[in-house]
Amino acid sequence: MVADIAVVKALRGPLEDQLTSALQAATERIRAGYAGEPVEQVCQRLLDETRAGLHPDIAAGFNPDMDEFCRVAVAIVRGTAV
């Protein structure tokens, strides 16, 4: 049990880095190609592209806070900073 906790702690930083990197890359691609799509569509695309940027094992268990993803999508649609 203690070893499991140590493994989780050791992986937390690299996992957070990968998630952040995938989200940033997806946000940049979507912002660059935004062509007036509705927020809901941008939010789904953001989720799909973020998942695509993750290792398949991580993507399979990735369940983000969709309110946060939609907040980013709104910022893309409005052309404001995230």
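Residues numbered from 1 in each chain as written. Predicted model: local features only at pLDDT ≥ 70, side-chain atom pairs only at ≥ 80, totals over all residues. Heavy atoms only, no water.

S.K.: Is there a simple way to think about the layout of surface pockets in this case?
M.R.: Vacant regions in the atomic arrangement are exposed by a probe of water-molecule size rolled over the atoms. Computed from the structure, the largest pocket encloses a volume of approximately 180 Å³. Lining the largest pocket are L19, T20, L23, T50, F62, P64, E68, F69, R71, V72 and V82. For the lining of the largest pocket, the elements supplying multiple residues, two or more each, are α1 (2–33) and α4 (66–78). Sort the elements by how many residues they give to the lining of the largest pocket and α4 lands first, with four residues. (1 Å grid on protein atoms, 1.4 Å probe; cavity = no way out; pocket = protein on both sides within 12 Å on 5 of 7 lines; lining within 4 Å. Points joined across faces, edges and corners; volume = space filled by probe spheres on them. Helix = DSSP H or I, 4+ residues; strand = E, 2+ residues; numbered from the N terminus.)

S.K.: Could you clarify how one ought to interpret helix α2 (residues 39–52) in this entry?
M.R.: Residues three or four positions apart in an α-helix share a direction because the helix packs 3.6 residues into each turn. Here α2 contains 14 residues, and its C-alpha end-to-end distance of 20 Å stays within 8% of the 20 Å for a straight helix at 1.5 Å per residue. Those residues of α2 lying buried are V42, C43, L46, L47, E49 and T50. (Expected span 1.5 Å × (residues − 1). Buried < 20%, exposed > 50% of the residue type's maximum accessible area, 1.4 Å probe, protein only.)

S.K.: Help me understand the nonpolar core in this model?
M.R.: In globular proteins that are soluble, nonpolar side chains generally tend to be buried together. Judged by nonpolar contacts, the single largest core of 14 residues is most densely connected at I30, V42, L46, L54, F62, F69 and I76. If you list the elements that add at least two residues to this core, you get α1, α2 and α4. (Core = buried A, V, L, I, M, F, W, Y, C linked by side-chain atoms within 4.5 Å.)

S.K.: How should the pattern of salt bridges be read in this particular structure?
M.R.: A side chain with one charge can pair with a side chain of the opposite charge if their charged atoms come near. Per the stated rule, a full pass over the model turns up three salt bridges. Measuring nitrogen to oxygen at the nearest pair gives 2.9 Å for the salt bridge that ties E49 to R29. Taken together, the residues E49 in helix α2 and R29 in helix α1 connect sequence positions 20 residues apart. One salt bridge connects E49 with R45, and the closest N-O pair in it is separated by 2.9 Å. With a gap of four residues between them, E49 and R45 both fall in helix α2, about one helical turn apart. (Salt bridge = Lys/Arg side-chain N within 4 Å of Asp/Glu carboxyl O.)

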